Amino acid sequence: KENINSVTFNHNSDQATLPYDDHFFGLIYGISIITHLSVEKHQEWIQEMYRLLKPGGILILTSHGDNFKSKLSREELLIYNSGQLVIRGNTKLGHRTFAAYHPTKAMQQLFAKFEILKHEQFDQEGLSYIPQDLWILRKYFLSFKSHKICLISFENSIHFKPFAHLFLYICQIH
């Protein structure tokens, strides 16, 4: 924190209430965040990020998608294949061992208020880790006037191993 003067840091709990005004951010991204939340917290945090995003704002998240099906028990796989979130919560919410698994159908329902710009499932062949799915969403515009569109491009070679710890970055685009 002391080496990055132009950034404001906010330490928050698992409660989906951040101290920012509505429509404050143009970009929010969370790498390996929703992968460690309960079903209830999924809904609360997506709603909070929706509140914080400007119309036309971009939300970037990763999730445990189909690549993680091999981690599921037989019973969990039945739930996952029915399109429901699978939660393993025998530990503290937000802890790396508290895991959520995200079938595409459940994510599409969770992101109903957003335009899904991209859903990328990365090939794990030859990797020493399981790559998370990438979701790029846009909050629908209320008005097309006075808003700039920010285009974000990702190469297919992006993987998420460096993001093993939970963190949420929220960026304001001017």
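See the structure above.
Here is a short report on the structure shown in this document.

A word on the overall build of the chain. What the chain contains, in helices and strands, is three helices and seven strands. The buried share of the chain, taken over its 174 residues, is 39%. Counted over contacts in the chain with a minimum sequence separation of 6, partners at least 24 positions apart contribute 71%. Surface accessibility of the chain: about 10,600 Å² in total, with carbon and sulfur atoms responsible for 51%.

According to the stated counting rule, one finds six salt bridges in the structure shown. One salt bridge in this structure joins Arg 51 and Asp 22, with 2.7 Å as the shortest N-O distance. Linking Arg 51 in helix H1 (residues 39-52) with Asp 22 in the segment before strand E1 (25-31), this pair joins segments that are 29 residues apart in sequence. Given a relative accessible area of 45%, Asp 22 falls into the partly exposed group. Across the pair Glu 120 and Lys 118 runs a salt bridge, and its minimum N-O distance is 3.2 Å. By relative accessible area, Glu 120 is classed as buried at 15%. The network of salt bridges with common partners includes Asp 22, Glu 48 and Arg 51.

According to the stated counting rule, one finds seven aromatic pairs in the structure shown. Each ring, one from Phe 24 and one from Phe 25, has its centre 4.8 Å from the other, and the planes form 80°; the classification is edge-to-face. Note on Phe 24: relative accessible area 27%, which makes it partly exposed. By relative accessible area, which is 5% here, Phe 25 ends up buried.

Reading guide: rules and limits
Each chain carries its own residue numbering, running from 1 in the written order of its sequence. Under the rules for a predicted model, residues below a pLDDT of 70 receive no local features and side-chain atom pairs below 80 are neither given nor counted, while totals for whole chains, interfaces and linings still include all residues. Hydrogens and water molecules were not included; the side-chain quantities draw on all heavy atoms of the structure. Where helices and strands are cited, they refer to DSSP runs of H or I of at least four residues and of E of at least two residues respectively, numbered from the N terminus. Type-normalised accessible area, obtained with a 1.4 Å probe on protein chains alone, sets the label of each residue: buried when under 20%, exposed when over 50%, and partly exposed for intermediate values. Whether two residues are in contact is decided by their heavy atoms: any pair within 4.5 Å suffices. Methods summary: accessible areas were calculated by the Shrake-Rupley approach with a probe of 1.4 Å, and residue burial reflects only the protein chains presented. Any carboxyl oxygen of Asp or Glu within 4 Å of a side-chain nitrogen of Lys or Arg constitutes a salt bridge here. For Phe, Tyr and Trp, rings pair up if their centres lie within 6.5 Å, where Trp contributes its six-membered ring, and each pair is then called stacked (planes under 30 degrees apart), edge-to-face (over 60) or tilted (otherwise).

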